[in-house]
Structure formats: structure tokens, C-alpha cells
Amino acid sequence: MGRRELREHIFRLLFRTEFHSEAEMTEQEDFYLAYLGEISDEDRAYIQGKVNAIIEKKADLDSRINSVADKWKTERMTKVDLTIIRLASYEIIFDEEVPVGVAINEAVELAKRYGTDQSPSFVNAVLAKLA
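Heads up: these notes are all about the structure in this document. (Residues numbered from 1 in each chain as written. Predicted model: local features only at pLDDT ≥ 70, side-chain atom pairs only at ≥ 80, totals over all residues. Heavy atoms only, no water.)

We now examine the overall build of the chain. Within the chain one finds 7 helices and 0 strands. From first element to last, N terminus to C terminus, the chain shows the α and β order α-α-α-α-α-α-α. Its C-alpha radius of gyration of 14 Å places the chain within 12% of the 14 Å reference for a compact globule of 131 residues. Its C-alpha atoms put the chain at 40 × 30 × 25 Å along the principal axes. (Helix = DSSP H or I, 4+ residues; strand = E, 2+ residues; numbered from the N terminus. Rg over C-alpha atoms; globule rule 2.2 N^0.38 Å.)

Structural data, given as C-alpha cells:
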């Protein structure tokens, strides 16, 4: 599985955290990974590892996002945009394997696919300030 596809699966799982409790997320994660069918152990570990790392750093990520998002604190952002921004923020700040430009570009692509018409420019602006 390519990095773009892995990132999309990470986004989809992270999005579920907006609607399910921490206790429910284990079941949600198992359900989602079963839905994917046959995936390599390496891809499964990558998805689970990154999702768990982002969840663990959620408060820190939100604080950093809030410090650069003028008039749009995390509480006001759409859940799709916020999830994309959290994922990209994690990659920018904590994941040395992902170049900053790639993290931003991939976030904008996710925003085009899953967000509103304004999502790509909003996500790009927040991440550019963060970077």
C-alpha cells in the first residue's frame, strides 16, 4: 500500500475519534481494519501506530493549531478539516520521515476529497502558518 493510501486510512480512523469514546476506538479500529481485508502486517502496524501516536498527542497538536489559526480555534473547525490538520500537523512536527511540503500537499489533497470547497485553502493556510 502506498503512503497516500495509508494516510487516507489514517485519516478515516482518526475521523472516527470525533464520534466515539476512547474505549470504543479499539473496536472501531478492529472493525475498520477488518473492512480493509487483506493488508500486510507492516501496513496494519503503520496505520495503527500513527493513529495511536496522533491520538496521544492530540492536546499538544490542538494547542499548536490554536496558536496559529486566527479566529478559527479547533472547537469551531469542521471535523473533517480538523482531522486533516491534526494528521498533517503531527507529520510536520513529529514525523521526520515526511517532508513538510509533502505533509501539506497531502493534507490539501485530502481536503479536496473529503472537505468543503473552502477546505483546501483553509487547511493550506493553517498548515503554512504552523510550518
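Before going further, it helps to examine unusual backbone geometry. With phi around 65 degrees, Lys-71 is a residue other than glycine that occupies positive phi space. Looking at the element boundaries, Lys-71 is found in the loop between helix H4 (58-68) and helix H5 (79-94).

The biggest cluster of nonpolar side chains holds 38 residues, and the ones touching the most others in it are Ile-47, Ile-84, Ile-85 and Leu-127. Elements with a contribution of two residues or more to this core: helix H1 (3-16), helix H2 (22-36), helix H3 (41-56), H4, H5, helix H6 (100-114) and helix H7 (119-130). With 8 residues, the top contributor of residues to this core is H5. Once residues lying within four places of it in the same chain are set aside, the contact partners of Ile-84 are Phe-11, Ala-107, Leu-110, Ala-111 and Val-123. (Core = buried A, V, L, I, M, F, W, Y, C linked by side-chain atoms within 4.5 Å. Buried < 20%, exposed > 50% of the residue type's maximum accessible area, 1.4 Å probe, protein only. Contact = heavy atoms within 4.5 Å.)

Moving on: the packing of aromatic side chains. Counted according to the given criterion, the structure contains 6 aromatic pairs. Considering the side-chain rings of Phe-11 and Tyr-114, the 4.9 Å spacing of their centres and the 45 degrees angle between planes classify their relative orientation as tilted. Pair noted here: Phe-11 is in helix H1 and Tyr-114 is in helix H6, with a separation of 103 residues, a long-range link. Here Phe-11 falls in the buried class, since its relative accessible area comes to 3%. Given the relative accessible area of 26%, Tyr-114 is considered partly exposed. Over the ring of Phe-94 we find Lys-57, and its NZ or CZ is 4.7 Å from the ring centre. In this structure, Arg-76 is placed above the aromatic ring of Trp-72, and the distance from its NZ or CZ to the ring centre is 4.3 Å. (Phe/Tyr/Trp six-rings, centres within 6.5 Å; stacked < 30°, edge-to-face > 60°. Lys NZ or Arg CZ within 6 Å of the ring centre and 35° of its normal.)

The next thing to look at is the pattern of salt bridges. Counting across every chain of the model gives 14 salt bridges. Across the pair Arg-7 and Glu-106 runs a salt bridge whose closest N-O atoms are separated by 3.5 Å. Here Arg-7 is found in helix H1, whereas its partner Glu-106 is found in helix H6, with 99 residues between them in sequence. Note on Glu-106: relative accessible area 11%, which makes it buried. Here Glu-18 and Arg-86 are joined by a salt bridge, their closest N and O atoms 2.5 Å apart. Remark: Arg-86 occurs in helix H5 and Glu-18 occurs in the loop between H1 and H2; sequence separation between them is 68 residues. An identical accessibility class is assigned to Glu-18 and Arg-86; each is buried. (Salt bridge = Lys/Arg side-chain N within 4 Å of Asp/Glu carboxyl O.)

Read these as geometric descriptors, not functional statements.
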